[in-house]
Amino acid sequence: MTLLIRLLPICAFALASLLLASAALAQEGDEPGSLEEWAEDIEEPDSDLTAPLEQQQEQRATRRADELSSRPGTIAVLRGLDKVTARTRDFEVNVGDSYTFGALDITVRYCRRRPPEEPPEVFVFLEINDQRTDGFGIGAEGERLFSGWMFASNPALNALDHPVYDVWVIDCRS
């Protein structure tokens, strides 16, 4: 209640100030002009502001289609999750090599990372096989579970479908 009593004179003063200011402006007789008068006062810029954008578009158009803005990497950094034990492990796989994660055989075929001046993205082409046994410990021919591109920014876009393991891309290094 005491706060309300203290704020009341301050609010009254602010309201009185606004009323006096609006009355003073009304006595000056400065009427706002029409829309056409306002438009006449606006100056057009001397230079074309879209020129840098057009130059960038021309540069992109002249760039050869086979020319890429980044170079392929040699090492893919992946993360694997064992859903049974809830443990994750980061591992590095050289392009062209295979890595065994649990019962999965992961082969990295290609990886690429965009340069810093472009939107960040890492692309990795993986082949993942399930290593099967015949029940007595003798290896049988595995089943291809996944073959395709994985993207670091959106792992769910093209994900491995396995009941025990998850694998996703973290990085691509040279």
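Residues numbered from 1 in each chain as written. Predicted model: local features only at pLDDT ≥ 70, side-chain atom pairs only at ≥ 80, totals over all residues. Heavy atoms only, no water.

Turning next to the overall build of the protein chain. Each helix and strand in the protein chain was counted, giving 3 helices and 7 strands. Across the protein chain, helices and strands are ordered from the amino to the carboxyl terminus as α-α-α-β-β-β-β-β-β-β. For the protein chain, the share of sequence-separated contacts (at least 6 apart) that also reach a separation of at least 24 residues comes to 47%. Carbon together with sulfur atoms contributes 55% to the accessible area of the protein chain, which is approximately 13200 Å² in total. (Helix = DSSP H or I, 4+ residues; strand = E, 2+ residues; numbered from the N terminus. Contact = heavy atoms within 4.5 Å. Areas by Shrake-Rupley, 256 points an atom, 1.4 Å probe, with all protein chains shown as cover.)

Glancing now at the nonpolar core. In this structure, Leu 78, Leu 104, Ile 106, Val 124, Leu 126, Ile 128 and Val 167 are the most contacted members of the largest nonpolar core, which totals 20 residues. If you list the elements that add at least two residues to this core, you get strand E1 (75-82), strand E2 (87-94), strand E4 (104-113), strand E5 (122-133), strand E6 (139-151) and strand E7 (165-173). Once you skip the residues sitting within four places of it in the chain, Ile 128 turns out to touch Leu 104, Asp 105, Ile 106, Glu 143, Arg 144, Leu 145, Phe 146, Met 150, Leu 160 and Val 167. (Core = buried A, V, L, I, M, F, W, Y, C linked by side-chain atoms within 4.5 Å. Buried < 20%, exposed > 50% of the residue type's maximum accessible area, 1.4 Å probe, protein only.)

Position of Asp 82 among the secondary structure elements: in strand E1. Although Asp 82 is buried, it makes no salt bridge; Arg 89 carries the closest opposite charge, 7.2 Å away. Here the side chain of Asp 82 touches Thr 85 through a polar contact of 3.5 Å, side chain to side chain. With residues near it in sequence (within four places) discarded, Asp 82 still touches Arg 87, Phe 101, Val 164 and Tyr 165. (Lys, Arg positive; Asp, Glu negative; His and termini not counted. Salt bridge = Lys/Arg side-chain N within 4 Å of Asp/Glu carboxyl O. Polar contact = N/O pair within 3.5 Å; in protein donor to acceptor, adjacent residues only side chain to side chain.)

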